[in-house]
Amino acid sequence: MLSPRGVTRARQLRPLRLWPRRPWGDGSIMASMQTTGRRVEVWFPKRLQKELLALQNDPPPGMTLNEKSVQNSITQWIVDMEGAPGTLYEGEKFQLLFKFSSRYPFDSPQVMFTGENIPVHPHVYSNGHICLSILTEDWSPALSVQSVCLSIISMLSSCKEKRRPPDNSFYVRTCNKNPKKTKWCYWETCCLK
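Definitions and limits used
Residues numbered from 1 in each chain as written. Predicted model: local features only at pLDDT ≥ 70, side-chain atom pairs only at ≥ 80, totals over all residues. Heavy atoms only, no water. Phe/Tyr/Trp six-rings, centres within 6.5 Å; stacked < 30°, edge-to-face > 60°. Helix = DSSP H or I, 4+ residues; strand = E, 2+ residues; numbered from the N terminus. Buried < 20%, exposed > 50% of the residue type's maximum accessible area, 1.4 Å probe, protein only. Expected span 1.5 Å × (residues − 1). Arc of directions from axis to C-beta. Pairing = 2+ DSSP bridges. Axes fitted to C-alpha atoms, helices over the stretch in contact; angles between N-to-C directions. Contact = heavy atoms within 4.5 Å.

S.K.: Lay out the packing of aromatic side chains with the relevant residues and their values.
M.R.: Applying the stated rule across the entire model yields seven aromatic pairs. Between the aromatic rings of Tyr 125 and Tyr 171, the centroid separation amounts to 4.3 Å while the plane-to-plane angle is 45 degrees, which identifies the pairing as tilted. You can see Tyr 125 sitting in the loop between β7 (110–114) and α2 (145–157) and its partner Tyr 171 sitting in helix α3 (residues 168–174), a full 46 residues away along the chain. Residues Tyr 125 and Tyr 171 agree in their burial class; the two are buried. Among the aromatic residues, ring-to-ring pairing joins Trp 77, Phe 98, Phe 100, Tyr 104 and Trp 139 into one connected group.

S.K.: So what's going on with helix α1 (residues 46–57)? Which residues, and what values?
M.R.: Taking 1.5 Å per residue, 12 residues should reach 16 Å; α1 reaches 17 Å between its end C-alpha atoms and fits that length. Among the residues making up α1, those that are buried are Leu 48, Gln 49, Glu 51, Leu 52 and Leu 55. Projection of α1 onto a plane perpendicular to its axis shows the buried side chains occupying an angular sector of 165 degrees, all on one side. Relative to its buried face, α1 has exposed residues pointing more than 90 degrees away, namely Lys 46, Lys 50 and Asn 57.

S.K.: Tell me what's going on with the sheet that holds β7, and back it up with residues and numbers.
M.R.: The strand order across the open sheet formed by four strands is β4-β5-β6-β7, and the pairing between neighbours is antiparallel. The sheet is open, and its two borders are formed by β4 (63–65) and β7, each paired with just one other strand. Geometrically, the sheet is characterised by an average inter-axis angle of 25 degrees between neighbouring strands, direction not taken into account. Those strands touched by α1 are β4 and β5 (76–82), and its axis lies near 25 degrees from that of β5.

Below, the structure is given as structure tokens:
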């Protein structure tokens, strides 16, 4: 690049910077990052915006969106959850972590319990991984964050006995950090890797 005096300067490296989200002409939100003078753009579909607003304005019973979790990134949400009244989990508080890939809604979100209180349930491992078919092979783009939340509430509410899956110790020692990389076997009473 030539300066006003005609002397060549080396291009300065700029650190990655996430620009503020802003509405884009087609209804999507665009976040752009800048590095070494090139612009890398990441597009977030209108569908994700719509689901975020729905969860903020009309959350499933006992669930609220943790507003701080979406301030920096629309692709990672934390949902605060309270056990349903009249169930084994009544009054208990949990947190669900949702991570969305760029292929959402065609690819299911990564969903797991996080934080200090992981529910003791036959389909929930002590590391927060959830054995629920709609999170992997039974996922459909017709499903939404709200339907996933309702399925998890239903799963917890129907529990008759608090216990971990039979292979919990082995699974937690050997599993991938991403629960979507697990090949699950679904049974009525428990899940097995």
